[in-house]
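Coordinates in review
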Amino acid sequence: INAEYGEAVVSTQSTGSIIEPLRVTTALCSFAVSLRGLCLHEPSKQHIVPLLGSLLTTISSNDLTKSWIALLAFSFAFTMIPVVDCSHLLEQPGKRKKDLERTWRSTSQFKDMVAVFVDKLMGLIEVSAMEDTGNLNSVNHKSRSTKNFKNVSSIPDYLAEGSIYMSFDSLLRNSSDDIRDMILDKVFRYVTTTTLEVKIAGKTMGDALSNLSNTYTEKTLKKFMPHLIGECNMLLDDETDKGNTSAELLWNITMLRSILRGRGDKFLPYLEDLQTLFERCFTFHNSLQLNIIAVKALGDVLYLLMKLKTKEFRSCQVPYTDKTFDFTSTWGVGMKVEDIQLDWFIPGPTEYQAINQIIERFGVSALNKLTGYVADKNTCKEEFQVQLKILRSVQKTAGHMMPMLGGNSPIKVPEFGGRVMDESVRVPIKNLNLSTGIVCDSELIRTFRPRAAEVVKNVFDYLTQNLADDTKSFEIICVLLEDILTYKGYDSTKMKKEHTKYKSVKQMLDDKLAGKKKQLRSVVIHRVYLQQQYRQHAQLYSPYSEEHDRYTQCLVQMALSHYTVVRKTAQYCLKKCLSVMLYSRAFFLRDITKYLEPDKEIPHEQLKGALFSLCMPRLTSFLVPQPHLFCDVIPAICKAQHSEKDSIINAVEHLIDYLMEEYKTITFSTNLPASTVTLAEQLGGPLSEDKVRGGLEIAQHKDDTNRRCFNLCVERLLEILKNNKTTWRFLDLAGDVIRLMIQRDMTISEDLVKTFLQFLTHDSIGLRVISFRVISYIIYLRRRVYKETVLDPATFASDGDGFKVGERPSNSWMQYKKDNLPTTEDQYKACIFVDKPHVGYNKWATSLSVCIELDYELDQTDRYSPIDKLIVDCFKDTAFITRFIELYSLEDNKGAEKTDIIRRHFYRDLFRNYGWSLFELFRPKVEEFVAGKIESQHRFAAELVSSVTRGSKHWPYKDIQLMWGTILPLIMTAMQTVSSETLNMWVVCISSIVEDRDPRRFSLLIETAKKEFLSGKTIFHDTVNLHFLEILIAQFEWKFAEELHELLDKITANLDNSYKTVRDKLGCLIDRCTGQDTLTYGCRPTVNPRKAEFMKAVMPMLTSLDEGLFGTEWVVVNKLTLSDDNDAIKVVKTVTSWLMCITAMHGHGKLVPSWFPFISYVIALEPNEVDQDLKHLCTKTLASVSRESLPEVSLRPALEAVKKVVVSEERTVGCTWKAKCTALVYLQVMSFTNLYMLRSNQEIVSEIKSLLVTCLESPQVEVRQTAAMTIGGLMKTSLFNDINEVLNQLKDMARTPLPKGTKKSQTDIREIWIRHGAITAMCALVESFPYSIPEWLPETLVFLARYTRGNVMIANGVKKSMSNFKRTHLDSWEEHKGKFTEEQLIVLQDLLVSPNYYA
């Protein structure tokens, strides 16, 4: 434990050495996450308390990140470890394990450690620079979230503040009484002798004091309450004379509020003094901050008196006063919920009496004063606001004891057409009567909520008439009404925060090995507390009543206020109210819609408020399932165009975005299967036929009503679209809504189709786009239904017993072959086209569906419906089609034109439904566009060409022949006129034509593309043609074997093409041709071209390079050999392009053994400096190939390729030294990538080791250095099993005696080569372990020290290695030098320490 987790912090404390901050942070994180495992392991427990003590040094205000992690570790530890001294158990007789005794003895350090820990926390609080993210003066208290750091100085400050709270809370919950007494004394001394500001450090100190009062209530109150009340009264006497508020008074009242936590019965003795103090604070109007703190303190007192609370928070069930129990046995132990045995404090009659007294004294008093203020109409704002705050505090804290407003008399919800919803259809809503432990029958409490609501309503009316500019009071009224209407003891914001905290703590402290549902006791207590809160939440919902509607109207008026702050607060409160009052949204929308009418007298602020109110979460999504509201609200929004101010426009755009995002399509046809009735009977018992029939009638009635409402909404929106006064923004909105509303089971009117057909050529771009989508979907819904014939594949394509995935006799009929292509109409009708490429390649399905083409012409108008006739007549109109082509062939995005899938789908559905005759209308313009050079016109032509071919799938044979007779010349013309800017458009066109289609459909297109193969017209033309061929091959996949063989033969004959772009495309084509040749397990061998066969054909083309690269003489690869006239070099460039395509597209494991003879040529050609293009290709190829995972059969060929370059044959010179260095680098990277595969083949590992040792004897120094570097890298990965064997071999080579008379500067003697190679390899081994000292390293360093003199080349290499060793091990030398003996340290000191002249 000390070596692994606590090494950094322990060494910092013990030795005082400098430890890297990152290392300390890592140690802290490791300790925190492994703490529970240590607690459950008996031998490890003895180290936990000492490690916690060493962590104290890491808590510092100078490094908040490190302090945060340390405090987090402390909070984890205090949560699972009882902070109880168990050392007294050592005095008990009996046999015990030594580890247990050490653990008991370590617990005696708890008290001293906690004392230092508390001092550290007080220091952090005092120097705190953390900002208060909540606004202390705001009545709308929003949760503090780590997602919003706008007001936080830094994230570490925020996290450190939270960690202080967590660690102090965990400590107090799980400590013995003697340690709590010590903490109490320290905190009391600090609070009474220090005065801090209350917004930053004071708030953090208040949180710590709240934790103390919450867990140790009685003694904390006894210690603090008399002192703080006395100080506050004394300071109030002084402040009354001075007229201002001192920092000391604010500090004391803040601390007083902080201790108002814990069990309510403990506060009863101090209740009278507290109430007197609060009354004095409320009358002190000179300090708003003092009033706010006092109001909050009053609410805290009420809340703690009525709150259910656990009596203890221990991590084990045994009281900490038990001196015979071993609390170390409970460290980190979890338990189930049913075993928790938790006692609760439940308020009784005494507490309820005190609550009544407080409500009578402050709540009723506030109501009376507010009533008097309204009657007198002469009161200062400050006093008025104080009483409102008091009322809000009483209402909010005591709200869960008060019955909700409205009772069970819901208001009738208006439905479509002014009718009222049938009560027999309405689902009855009943509240769950769950026990929350709060029972109070006081008449005062039962009547307080309606009385407060009435007073607040009167105050609102008074302010509206007399003090409309008192925004602060209106804000308070907003939250007051929210509390009155919705609050039942459940604060959703606070509970979300608590739930998030619970989940994070549970996840961090969870132990999966301990068993299911076994959590720490403190975590289980937290869960039980949340469950109690959720019980209160279950009673929150209530039906919307007339009483609710009366007070909601006040919020609606404030949501439309002239003042921004009032509008925002009211809208926020309305959102909460609408979410808990059932059926309330309908009335809210009814009230808010009238402010959207195009009436110039509606103020700007009211319109903006209405628009933003509609943007509430879940409100727009609520509209769609309520068609009777949708048909009123949406047209009203589209008419709200009577203001063009920026704020209004922004609100409209925000509402539009929100509506588009939240819109969800609903169905108008409720088809209930018979299984629904069965399930209903299982849930509620048998159903009679009358009930089932009645339910179906209700569903049908609802569907009919919804359909009528949506049709009415469409009619209203169409009126807006036809209105010439409607602005473009609202035209777009109306069109977008109609686009969203169109669905399968909705009746589409002729008026709608006619309107949007006209808008296809509208001047507004936005309206054109919307109309395009609307008409596209309408055409899609009106697609023809083709008859299908279901075939049984077993009758004509049986696999038998020997099934394997891939090409096989049963699917050979699906291959593209020249002898089975349909060339006549009868053959075409008899041909079974299978378009999906996966069908037949895997196992056959039980049935195969084939569509039957139509037996009539598509352009027979007598078969058209009225809507179809409208569409066809519109597109046959010459003026319309001319305008349509003009608009949709314009440039969409200057300089970045690309085809659009929505337009292609539109044209496809258009031609599919109405046949070839419609394309004839576009044909003249398409031919003109294809012959031109304008990008946007090429894009338009490409979209039409791809769409008409896709739409012709089920056309009659005659129409298909007419189509190809027109389309093929267009494609040929496009290949001649295409440019680099328009190439991608036609590539997408060709790809979409053949995507998921049987290749037998495109025999004419394929033959046309083959004729243009390297026609030699222009280089660009050849490249374009190869690109198109690549796209065709990629889509046809395995069904194109015969043509692929023929195409690959043509490619092989043209591998030596002179142009780079053509060679690159040929490489991509080779990849497509051989793409089906994979090493997939369980597949049949492919009938498509094989990679091995292709490489077999390529290798003879490279024999002319053998003499220059692997010849019998030292031949420099000269310019003649590498010139562009050398056909072999061109072949190498083409094949390397193919290899790069393979590694880039197909992933790992695709390198077959037949490639590696070619790899040796790539390695040999990589170092050349003559042909930079060749060098670049070879470098990228080696970089890609070396990172590939090789199959086992490819390991030896890969090694042989390296040997061919590195090892020279007998009486030959071999490759250049640069090529050998390249080969060694490739070998190193390839070995790293295939490390696990190599470890299972020790024979190849031995050959690699022998090869590297041989390279250490190379006459070229660079080869020796590269080989040494490779040995060091592979040794680091433990590829060689016995490192001592390698070292001994290197030492034997280093001891090679040099010839007598050898000079220090000589480098051309073989013995020097051998010694230098061995010493260099040993230096590489030393440098491969820069931060550790293996066992063999000290002896190796001493051995290398002998060679610091002698040959200059060897000595310099050793000195450089020693210098690097000193540099990398300097930071941890105090630790590392323990691995050396004294003699070895003396040798290293003489070597590493420079001589000093003054020594």
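Residues numbered from 1 in each chain as written. Predicted model: local features only at pLDDT ≥ 70, side-chain atom pairs only at ≥ 80, totals over all residues. Heavy atoms only, no water.

Description of the overall build of the chain
- Across its full length, the chain carries 61 helices and 6 strands.
- Across the 1399 residues of the chain, 53% fall into the buried class.
- For the chain, the proportion of contacts with a sequence separation of at least 24, taken over those separated by at least 6, is 78%. (Helix = DSSP H or I, 4+ residues; strand = E, 2+ residues; numbered from the N terminus. Buried < 20%, exposed > 50% of the residue type's maximum accessible area, 1.4 Å probe, protein only. Contact = heavy atoms within 4.5 Å.)

Comments concerning the pairing of strand E6 (residues 848-851)
- Alternating residues of E6 divide into Leu848 and Val850, all buried, and Ser849 and Cys851, none buried.
- Strand direction decides the pairing type here: strand E5 (residues 788-791) and E6, joined by 4 bridges, are antiparallel. If you follow Glu788 over to E6, its bridge partner there is Cys851. (Pairing = 2+ DSSP bridges.)

Let's talk about the packing of aromatic side chains
- Taken as a whole and assessed by the stated rule, the structure comprises 43 aromatic pairs.
- Consider the rings of Phe884 and Tyr907, whose centres lie 6.4 Å apart with planes at 80 degrees: the pair is edge-to-face. Of the two residues, Phe884 sits in helix H36 (residues 878-888) while Tyr907 sits in helix H37 (residues 901-914), which places them 23 residues apart along the sequence.
- Residue class for Phe884 comes out buried when judged on its relative accessible area of 0%.
- Sitting over the face of the ring of Tyr780, Arg783 holds its NZ or CZ atom 4.2 Å from the ring centroid.
- Lys1291 extends its terminal NZ or CZ atom over the ring of Phe1343, reaching a point 5.6 Å from the ring centre. (Phe/Tyr/Trp six-rings, centres within 6.5 Å; stacked < 30°, edge-to-face > 60°. Lys NZ or Arg CZ within 6 Å of the ring centre and 35° of its normal.)

Here's the deal with unusual backbone geometry
- Phi is positive for Asp996, which is not a glycine, with a value near 50 degrees.
- Relative to the helices and strands, Asp996 is located in the loop between helix H41 (983-994) and helix H42 (1003-1011).

Digging into the environment of Gly1075
- Its location among the elements puts Gly1075 in the loop between helix H45 (1060-1073) and helix H46 (1091-1098).
- The class of Gly1075 is partly exposed, set by a relative accessible area of 21%.
- Residues Gly1075 and Asn1088, 13 residues apart in the sequence, show an inter-C-alpha distance of 8.5 Å.

Points about the environment of Pro969
- By secondary structure assignment, the location of Pro969 is in helix H40 (residues 957-977).
- The class for Pro969 is partly exposed, based on a relative accessible area of 43%.
- The spatial distance from the C-alpha of Pro969 to the C-alpha of Glu927 is 9.2 Å, given a sequence separation of 42 residues.

Section: the packing of helix H27 (residues 627-639) against helix H31 (residues 728-741)
- Orientation of H27 relative to H31, taken along the N-to-C sense of each, is 155 degrees, at an axis distance of 9 Å. As summarised for this structure, H27 and H31 are arranged roughly antiparallel, according to the angle between their axes. Here Phe630, Ile634, Ile637 and Cys638 of H27 come into contact with H31, specifically with Phe730, Leu733, Ala734, Val737 and Met741.
- Each residue belonging to the contact of H27 with H31 can be placed in one class, and the counts come to 9 nonpolar, no polar and no charged. (Axes fitted to C-alpha atoms, helices over the stretch in contact; angles between N-to-C directions. Parallel < 35°, antiparallel > 145°, perpendicular 65-115°, else oblique. Nonpolar A, V, L, I, M, F, W, Y, C, P; charged D, E, K, R; others polar.)

A few points about the side chain of Ser776
- Within the secondary structure layout, Ser776 lies in helix H33 (residues 765-781).
- Residue class for Ser776 comes out buried when judged on its relative accessible area of 11%.
- When residues no more than four places from it in sequence are discounted, the contact partners of Ser776 are His905, Phe906 and Asp909.

Description of the pattern of salt bridges
- According to the stated counting rule, one finds 63 salt bridges in the structure shown.
- Linking Glu312 and Arg521 is a salt bridge whose minimum nitrogen-to-oxygen distance equals 2.8 Å. Of the two residues, Glu312 sits in the loop between strand E1 (309-310) and strand E2 (344-345) while Arg521 sits in helix H21 (residues 521-537), which places them 209 residues apart along the sequence. The burial state of Glu312 is the same as that of Arg521; both residues are buried.
- A salt bridge links Glu1030 to Lys1065, with the nearest nitrogen and oxygen atoms 3.5 Å apart. Taken together, the residues span a long stretch of sequence, with Glu1030 in helix H43 (residues 1019-1036) and Lys1065 in helix H45 at a distance of 35 residues. By the burial criterion, Glu1030 is buried, and Lys1065 matches it.
- Overlapping salt bridges bring together Lys818, Glu1007, Lys1010, Glu1043 and Glu1046 as one network. (Salt bridge = Lys/Arg side-chain N within 4 Å of Asp/Glu carboxyl O.)

Points about H45
- Spanning 14 residues, H45 covers 20 Å between terminal C-alpha atoms, matching the ideal 20 Å at 1.5 Å per step.
- Within H45, 10 of the 14 residues are buried, leaving the element largely enclosed by the surrounding structure.
- Within H45, the full set of buried residues consists of Val1062, Arg1063, Lys1065, Leu1066, Gly1067, Cys1068, Leu1069, Ile1070, Asp1071 and Cys1073. (Expected span 1.5 Å × (residues − 1).)

Considering the side chain of Arg263
- Here Arg263 lies in the loop between helix H13 (247-258) and helix H14 (271-282).
- Within the structure, Arg263 has its side chain in polar contact with the side chain of Asp265 (distance 2.9 Å).
- Here Arg263 is in contact with Thr217, Leu304, Lys309, Lys311 and Phe345, once residues within four sequence places are set aside. (Polar contact = N/O pair within 3.5 Å; in protein donor to acceptor, adjacent residues only side chain to side chain.)

Quick look at the confidence of the model for the chain
- On average, the chain scores 81 in pLDDT, and the residues at 70 or more come to 86%.
- Contacts for the low-pLDDT stretch residues 129-153, under 50 throughout, to residues beyond four places or in other chains number 46 contacts.
- Contacts from residues 416-429, a stretch scored under 50 in pLDDT, to residues over four places away or in other chains number 25 contacts. (pLDDT = per-residue confidence, 0-100.)

Observations regarding the state of the cysteines
- Under the defined criterion, the tally for this structure stands at 0 disulfides.
- No disulfide involves Cys86; its sulfur sits 9.4 Å from the nearest other cysteine sulfur, which is in Cys316. (Disulfide = S-S within 2.5 Å.)

Some remarks on the environment of Asp207
- Relative to the helices and strands, Asp207 resides in helix H11 (residues 201-215).
- Sequence separation of Asp207 and Gly162 is 45 residues, and the distance between their C-alpha atoms is 9.8 Å.

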